Amino acid sequence: MTATDLDRRLMAAALRLGRRGLGLTWPNPSVACLIVRELDGAPVIVASAVTARGGRPHAETQALAEAGPAARGATAYVTLEPCSHFGKTPPCADALVAAGVARVVVALGDPDPRVAGRGIAQLRQAGIAVVENVLADSAARDHAGHIARVAFGRPHVTLKLAQSADGFVGRRNERVAITGPEANARVHMLRAMSDAVVIGIGTALTDDPLLTVRLPGLEGRSPVRVVFDADLRLPATAALVRTAREVPTQVITTWGADPACAEVLSAAGVVVHRVTPPWLGGTGVNLHTALRELVKLGIGRVLLEGGPTLARAFLARALVDEIVLFESPNRIGPDGLAGLPPEALASFTRTGEGLVGVDRMTTYWRER
Ligand code: AOF
Ligand code: ZN
């Protein structure tokens, strides 16, 4: 069975709904489900749902509950293959069968090894017509955090960079504003759609940032704030530490870091992870083990917000999947901190470009 134009339009609507849950549903993907029936010859969405905050209940069970008996004979649009495993909740594939749904349109197979095709097979076995891979590319972008976690064992990393017209990202040991208010609001939106925002200790000390979402109505959507801090230099007076009880703050450090410093941070509500044992060598935080730690916590979507040292380290290890680059028309002048060398973008494809206020925003995805 093939997808119709209407299937694609309804899946596009489902994907838009699913994107609203990005940053809220970890450790699970933000899946959306529409239940659609034909009434008087026209399609009607009788129920819709997105994965709940914290990942459960899943989208399908919520939508089916909302549809009630109207689900019988209906078409369900789901942005990810319905699950087939008994996890924290019973399988969604079973729920769709039990509700008497006639047809299921799926955007993308679920790479989670507990599912991986079994959800779709179960539906077909029960006599349900299944259409797969409808707007699959779009779904793969939206579920990139989930895919990276379950398929590669690390989060999906989006690097955000703000660069001046003369190619600088800041000044050494001094906070400078580069982008305008519209671009800053866009960054807050990127934070809201991320599970965690990561910075290096250099940025934490120079900028003393809050890294929260301060957009009207979205104040509750601040991501987990993570500082990579090999020697535990983050002071108790830092804004991140002072607000750690309101917005989760985590520090990733090495086994060699001073236990007294760890205790001060823990007492303020910061969670300290020691991920780099001495036998891994080097002096900094090992990025691979740090990212694995974030995956263990359930974090799939990381926004890397600074600074240039950490950005270069991630890029050098091919750990950046997506770049959002803001270019300001303003110059920083002498003493600027160099931004990315142009060759850093060589393995990326430009996927979008536009003006946000006076700043140019360009997005790139790494070629796979
Ligand atoms: C769905 N619908 O809305 C989501 C799904 O730990 P559990 O039991 O909550 O299962 C988590 C897995 O379920 C997750 O890794 C992913 O494979 C799938 N997520 N599945 O049918 C949903 N969020
Ligand atoms: Zn499910």
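Relevant structure appears above.
This report concerns the structure included in the present document. Since the model is a prediction, treat every value here as computed from it, not as a measurement. (Residues numbered from 1 in each chain as written. Chains lettered and ligands numbered in written order. Predicted model: local features only at pLDDT ≥ 70, side-chain atom pairs only at ≥ 80, totals over all residues. Heavy atoms only, no water.)

**With respect to the coordination of the zinc ion (ligand 2)**
Our working definition: Any N, O or S atom lying within 2.8 Å of the metal counts as a donor, and for Na, K and Ca the limit rises to 3.2 Å; water is left out, so some sites can look incomplete. Each label reflects the angles at the metal, where four donors whose angles all fall between 85 and 135 degrees are tetrahedral, four or six donors whose opposite pairs open beyond 155 degrees and whose other angles stay between 65 and 115 are square planar or octahedral respectively, and the rest are irregular. Each helix corresponds to a stretch of at least 4 residues labelled H or I by DSSP, and each strand to a stretch of at least 2 residues labelled E; elements are numbered beginning at the N terminus. Exposed residues in this analysis have more than 50% of their type's maximum accessible area, buried residues have under 20%, and partly exposed residues fall in between, with area computed by a 1.4 Å probe over protein chains only.
Listed as protein donors to the zinc ion (ligand 2) are His58 (ND1), Cys83 (SG) and Cys92 (SG); their distances from the metal cover 2.0 to 2.2 Å. Seen from the zinc ion (ligand 2), its four donor atoms lie at angles of 98 to 117°, and the figure they make is tetrahedral. As a motif over one chain, the donors of the zinc ion (ligand 2) read H-x24-C-x8-C. Taken as a pair, His58 in the loop between β2 (42-50) and α2 (59-67) and Cys92 in helix α3 (residues 92-98) lie far apart in primary sequence, 34 residues in all. Overall, Cys92 belongs to the buried group, its relative accessible area being 1%.

**Quick notes on the site of ligand 1**
Note the cut-off: Near residues are defined by distance, with any heavy atom within 4 Å of the molecule or strand qualifying the residue. Here a polar contact is taken to be a pair of N or O atoms separated by no more than 3.5 Å, where protein atoms must pair a possible hydrogen donor with a possible acceptor and residues adjacent in sequence count only if both atoms sit in side chains. Only Asp, Glu, Lys and Arg are considered charged in this grouping, and only Ala, Val, Leu, Ile, Met, Phe, Trp, Tyr, Cys and Pro are considered nonpolar; every other residue, Gly among them, is considered polar.
Lining the immediate surroundings of ligand 1 are 19 residues, of which Arg56, Ala59, Glu60, Asp110 and Asp112 lie closest. Contacts to ligand 1 include Asn28, whose side-chain N or O atom sits 3.0 Å from an oxygen atom. One of the side-chain N or O atoms of Asp112 is found 2.6 Å from an oxygen atom in ligand 1. The residue makeup of the shell around ligand 1, split by class, is six nonpolar, seven polar and six charged.

**Things to note about empty space enclosed by the protein**
Note the threshold: Residues are said to line a cavity or pocket when one of their atoms sits within 4 Å of a point; the points come from a 1 Å grid over protein atoms alone, cavities being sets where a 1.4 Å probe fits but cannot get out and pockets being open sets with protein on both sides within 12 Å along at least five of seven lines. Grid points are joined across faces, edges and corners, and a volume is the space filled by probe spheres set on the points.
In total, this model carries two cavities of 30 Å³ or more according to the counting rule given. Looking at the largest cavity, its volume works out to about 130 Å³. Lining the largest cavity are 19 residues, and of these Asn28, Pro29, His146, Asp195 and Arg301 sit closest to its centre. When grouped by side-chain class, the residues that make up the lining of the largest cavity number five nonpolar, ten polar and four charged. Volume-wise, the second largest cavity comes out at about 40 Å³. Lining the second largest cavity are Leu15, Gly18, Arg19, Leu22, Ser30, Thr79, Asp142 and His143. Ranked by residue count, the leading element in the lining of the second largest cavity is helix α1 (residues 5-19), at three residues. Of the residues belonging to the lining of the second largest cavity, the class tally is two nonpolar, four polar and two charged.

**Digging into the environment of Thr243**
Let me state the cut-off plainly: Only heavy atoms matter for contacts: two residues are in contact if any of them lie within 4.5 Å across the pair.
Inspection of the secondary structure puts Thr243 in the loop between α9 (239-242) and β10 (249-254). Take Thr243: its relative accessible area is 17%, and that puts it in the buried class. Sequence separation between Thr243 and Leu210 is 33 residues; the distance between their C-alpha atoms is 8.1 Å. In this structure, Thr243 is in contact with Leu210 and Arg225, ignoring residues within four places of it in sequence. Only 2.8 Å separates the side chain of Thr243 from the side chain of Arg225, close enough to count as a polar contact.

**Topic: the nonpolar core**
Counted only if it meets this: Only buried residues count toward a nonpolar core. Its members are Ala, Val, Leu, Ile, Met, Phe, Trp, Tyr and Cys residues joined through side-chain atoms within 4.5 Å.
Counting residues in each nonpolar core, the largest one holds 40 residues, and the members touching the most others are Met11, Ile35, Val101 and Val104. Residue contributions to this core peak at five residues, all from strand β1 (residues 32-39). In this view, Val104 contacts Ala76, Val78, Leu96, Leu123, Ile128, Ala129, Val130 and Val131; residues no more than four positions away in its chain are not counted. Judged by nonpolar contacts, the second largest core, of 33 residues, contains Val198, Leu287, Leu304 and Ile323.

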